[in-house]
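Coordinates in review
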Amino acid sequence: MAGRSKKIKIRTKLGEREIARDSIIYFPHGLIGLDDKREFVLIQVRENSPFLLLQCVTDPGLGLLVADPYPFLPDYDVKLEGPEKKILRVENIRQIAVLVTVTIPKANPEETTLNLSGPIILNTQARLGLQAPQMDAKHPTHFRLVDAQRGQKPAPE
């Protein structure tokens, strides 16, 4: 497209950022409870941090703290059904990235948890995303990071 910049400036929870247009991830169905928010971008919170900000491109006040769950829970398993794979246009498992939302209580950061019941699945090649609720009782709904640091296995809730 002639004349269109490859970068755009957006306001985020971390301040104004310049992002590449081709880094925008489109969520055809939005996120749970945020059906009308469809365009997001991943922003590194800070260098060497396991956390990213999933920032809505059109709403500067909407940014979700997310993380890759596998460094904390190597056996975390996400099930994707046929319709979900179709929405994401999955052709190969290597296209997929899994993120989970992170909750850090203000007064008690040592109680930080990963939400394992509503992972966000990304097709990194097609730049498509989907939140895929999980009903597996193998893992708890919320997993405390302090338990991962202690090497404890999560107990189902």
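Up top is the structure these notes are about.
Just so it is clear, the structure is predicted and the values come from calculations on it, not from any experiment.

Here the focus is the pairing of strand E7 (residues 96–103). Relative to E7, strand E6 (residues 63–67) is paired through two bridges, and the arrangement is antiparallel. From the neighbouring strand, Ala 67 faces E7, where its bridge partner is Val 100. Two strands pair when backbone bridges link them, and E7 and strand E9 (residues 120–123) are joined in this way by four bridges, in the antiparallel orientation. Across the sheet, the residue bridging to Ala 97 is Leu 122, located in E9. As paired elements, E7 and strand E8 (residues 113–115) share two bridges and run antiparallel to each other. Paired with Thr 103 across the bridge in E8 is Thr 113.

Counted by the stated rule, this structure contains two aromatic pairs. With a centroid separation of 5.2 Å and an interplanar angle of 75 degrees, the aromatic rings of Phe 27 and Phe 40 are classed as edge-to-face. Pair noted here: Phe 27 is in the loop between strand E3 (25–26) and strand E4 (39–44) and Phe 40 is in strand E4, with a separation of 13 residues, a long-range link. Taken as a pair, Phe 27 and Phe 40 share a single burial class, namely buried. Ring geometry for Tyr 70 against Tyr 76: centres 6.0 Å apart, planes inclined by 50 degrees, an arrangement best described as tilted. Its relative accessible area of 30% is what places Tyr 70 among the partly exposed residues.

Our next topic: the layout of surface pockets. For the largest pocket, the calculated volume is near 160 Å³. Tyr 70, Tyr 76, Asp 77, Val 78, Lys 79, Leu 80, Lys 85, Val 90, Ile 93, Ile 96, Val 98 and Ile 121 together form the lining of the largest pocket. Grouping the amino acids of the lining of the largest pocket by side-chain chemistry returns nine nonpolar, no polar and three charged.

Among the structural elements, Gln 134 can be located in the loop between strand E10 (128–131) and strand E11 (142–144). With relative accessibility at 12%, the residue Gln 134 sits in the buried group. At a separation of 2.8 Å, a polar atom in the side chain of Gln 134 contacts the main-chain amide nitrogen of Lys 79. Within the local environment of Gln 134, its side chain forms a polar contact with the backbone oxygen of Ala 132, the two atoms lying 2.9 Å apart. Once residues within four sequence positions are removed from consideration, Gln 134 is found in contact with Tyr 76, Asp 77, Val 78, Lys 79, Leu 116, Ser 117 and Pro 119.

This paragraph deals with the environment of Leu 116. Relative to the helices and strands, Leu 116 is located in the loop between E8 and E9. Separated by 23 residues in sequence, Leu 116 and His 139 have C-alpha atoms that sit 7.2 Å apart. Apart from residues no more than four positions distant in its own chain, Leu 116 is found in contact with Leu 73, Tyr 76, Val 100, Gln 134, His 139, Pro 140, Thr 141 and Phe 143.

Below, the discussion takes up the pattern of salt bridges. The tally for this structure, following the rule as stated, stands at four salt bridges. For Asp 36, the salt bridge goes to Lys 37, with nearest N and O atoms at 4.0 Å. Accessibility expressed as a relative area gives 60% for Asp 36, which makes it exposed. Here Glu 111 ties to Arg 144 by a salt bridge, and the two come within 3.0 Å at their closest N and O atoms. Highlighted residues: Glu 111 in the loop between E7 and E8 and Arg 144 in strand E11, separated in sequence by 33 residues. Judged by its relative accessible area of 27%, Arg 144 falls in the partly exposed class.

Criteria and cut-off values
- Residues numbered from 1 in each chain as written.
- Predicted model: local features only at pLDDT ≥ 70, side-chain atom pairs only at ≥ 80, totals over all residues.
- Heavy atoms only, no water.
- Pairing = 2+ DSSP bridges.
- Helix = DSSP H or I, 4+ residues; strand = E, 2+ residues; numbered from the N terminus.
- Phe/Tyr/Trp six-rings, centres within 6.5 Å; stacked < 30°, edge-to-face > 60°.
- Buried < 20%, exposed > 50% of the residue type's maximum accessible area, 1.4 Å probe, protein only.
- 1 Å grid on protein atoms, 1.4 Å probe; cavity = no way out; pocket = protein on both sides within 12 Å on 5 of 7 lines; lining within 4 Å.
- Points joined across faces, edges and corners; volume = space filled by probe spheres on them.
- Nonpolar A, V, L, I, M, F, W, Y, C, P; charged D, E, K, R; others polar.
- Polar contact = N/O pair within 3.5 Å; in protein donor to acceptor, adjacent residues only side chain to side chain.
- Contact = heavy atoms within 4.5 Å.
- Salt bridge = Lys/Arg side-chain N within 4 Å of Asp/Glu carboxyl O.

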